[in-house]
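Per-entry structural report
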Amino acid sequence: VGAEPLKAFQTHRHTIPMLSLDNAFSDAEMRAFDQRARDRLGLKPQDPAFSYSCEPKWDGLAVALIYKRGVLTVGATRGDGETGEQITENLRTISSIPLRLQTDHPPSLLEVRGEVLMSKAGFEALNAAMIALGQKPFVNPRNAAVGSLRQLDSNVTAQRPLHFFPY
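Residues numbered from 1 in each chain as written. Predicted model: local features only at pLDDT ≥ 70, side-chain atom pairs only at ≥ 80, totals over all residues. Heavy atoms only, no water.

1. Some details on the sheet that holds strand β5 (residues 109-118)
Taken together, four strands build an open sheet; the order of strands is β3-β2-β5-β6 and the sheet is antiparallel. Each edge of the open sheet is held by one strand with a lone partner, namely β3 (71-77) and β6 (162-166). The mean inter-strand angle of the sheet, taken between neighbouring strand axes irrespective of direction, is 35°. Where β5 lies against β6, five bridges are found, and the strand directions are antiparallel. Its bridge partner being in β6, L117 is matched across the sheet by H163. (Pairing = 2+ DSSP bridges. Helix = DSSP H or I, 4+ residues; strand = E, 2+ residues; numbered from the N terminus. Axes fitted to C-alpha atoms, helices over the stretch in contact; angles between N-to-C directions.)

Here it is in structure tokens:
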């Protein structure tokens, strides 16, 4: 699912685990997934068919945003699904993440999960700037997004072209 938390970051234990889906790249893998789901639910072959919804997979970094009384108080990575890294200060630099909910009556507690991504254009511009500075470029947009959020200096994160998309 993810990586061990860096010692430089505080850990965050997820109230509800942040799970990850397996990939399926063929019809046979999809049928095997369907069979596992039916088996785990105790369904028989004559039971009604499942209905599936498929969409493109976003390849960024899964995060949880926790708002208390409408204010962003904790932002954490998925980590191993049970425990992630608190990267609140870095997440606060992303303009698409509201620091305060825009409502007069916010819930006492709200958790929003989503994905932090870097667009291909943003990735190419970042790599061009890094090369111009004599720094090693990132291999792909996902690595760039992850590396940007795991910075110890949130000023570095603030300069990266990151976007948050809630699930």
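Once the structure has been displayed, the description carries forward.
2. A look at unusual backbone geometry
Backbone geometry at R69 places phi at a positive 50°, although glycine is not the residue there. Mapped onto the elements of the fold, R69 is located in the loop between β2 (61-68) and β3. For R69, a relative accessible area of 62% corresponds to the exposed category. (Buried < 20%, exposed > 50% of the residue type's maximum accessible area, 1.4 Å probe, protein only.)

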